[in-house]
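# Secondary and tertiary structure notes
Here are the chains, one letter per residue:
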Amino acid sequence: VTLDGLKHNLDERDRVAAQLASDTALNLKINVTNLPTNSSDTQLTADDCGIVTLGTVGAIVASGEGFNVDLPAPEKGLYYKFLFVGTSIHNSTGAQITITTNSDNAGTAADLAIGYVSGMGDDDGANVTSAVDVLTFIKNIATGGDHAEFFCDGTNWFVIAEYDADGAITLA
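If you're wondering where the values come from, they're calculated on a predicted model, not measured in any experiment. (Residues numbered from 1 in each chain as written. Predicted model: local features only at pLDDT ≥ 70, side-chain atom pairs only at ≥ 80, totals over all residues. Heavy atoms only, no water.)

## Some remarks on the environment of Leu83
Looking at where Leu83 falls in the secondary structure, it is placed in strand E8 (residues 79-84). Take Leu83: its relative accessible area is 27%, and that puts it in the partly exposed class. For the pair formed by Leu83 and Gly145, sequence separation is 62 residues and the distance between their alpha carbons is 6.2 Å. Aside from chain neighbours lying at most four places away, what touches Leu83 is Val52, Thr53, Leu54, Gly145, Asp146 and His147. (Helix = DSSP H or I, 4+ residues; strand = E, 2+ residues; numbered from the N terminus. Buried < 20%, exposed > 50% of the residue type's maximum accessible area, 1.4 Å probe, protein only. Contact = heavy atoms within 4.5 Å.)

## Structural notes on the sheet that holds strand E10 (residues 97-100)
A sheet is described by the order of its strands in space; here 5 strands give the open sequence E4-E7-E10-E13-E16, paired in mixed fashion. Both edges of this open sheet fall to strand E4 (42-43) and strand E16 (169-171), since each of them pairs with a single strand only. Looking at chain direction, E10 and strand E13 (residues 134-137) are connected through 4 bridges and run antiparallel. Among the inter-strand pairings, Ile99 is bridged to a residue of E13, identified as Leu135. (Pairing = 2+ DSSP bridges.)

## Quick look at the state of the cysteines
What makes a disulfide is a covalent bond joining the sulfur atoms belonging to two cysteines. Taken as a whole and judged by the stated rule, the model has 0 disulfides. With no disulfide of its own, Cys49 lies closest to Cys152 among cysteine sulfurs, the gap being 9.4 Å. (Disulfide = S-S within 2.5 Å.)

## With respect to unusual backbone geometry
Note: most residues except glycine have negative phi, and most peptide bonds are trans. Unusually for a residue other than glycine, Asn38 sits at a positive phi of about 70°. Counting through the fold element by element, Asn38 comes out in the loop between strand E3 (32-35) and E4. At Asn140, a residue that is not glycine, the phi angle is positive and equals roughly 60°. Its place among the elements puts Asn140 in the loop between E13 and strand E14 (147-152).

## Considerations on the packing of aromatic side chains
Going through the model one piece at a time under the given rule, you end up with 6 aromatic pairs. On the basis of an interplanar angle of 50° and a centroid distance of 5.9 Å, the ring pair of Tyr80 and Trp157 is categorised as tilted. Of this pair, Tyr80 sits in strand E8 while Trp157 is found in strand E15 (residues 157-163), placing the two residues 77 residues apart along the sequence. (Phe/Tyr/Trp six-rings, centres within 6.5 Å; stacked < 30°, edge-to-face > 60°.)

## A short note on the side chain of Thr100
One can find Thr100 in strand E10. For Thr100, a relative accessible area of 8% corresponds to the buried category.

Taken by themselves, the reported measurements are silent on function.
What follows is the structure, encoded as structure tokens:
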């Protein structure tokens, strides 16, 4: 094989790995689920794995337009990246967007999430080492681009969340 003008000899493993990498690179597609402003509460499934957008691009989540997203029961390998795409969230509890871990697929909240929340402001974020059940995009603070990733080992959900304004996301 010639790569960057140099000749390389490949054994069978290298050929298989190169073919798989080529096939994967050409066919890679990530599932995207859109949950616009004023969505009803949503129970995700394994089929929803990938990116989940929250809110409506260019719009404020108004009073009473917030919603909850329930993760499915833990299953090894599940992964979701939640991305807030609205401009901001109104200063009312009914406008907040929450993500809840549950022990079944029927919205039964369970303390299964651990991880950290960090930001671009001057606070230190939070390192959550005791399992909790709710991540919240906070009213009057969260802005477009704030995001959280959840991945599951089959028992717990591990969370990495980032925001641009201090306190915009909580994990509690």
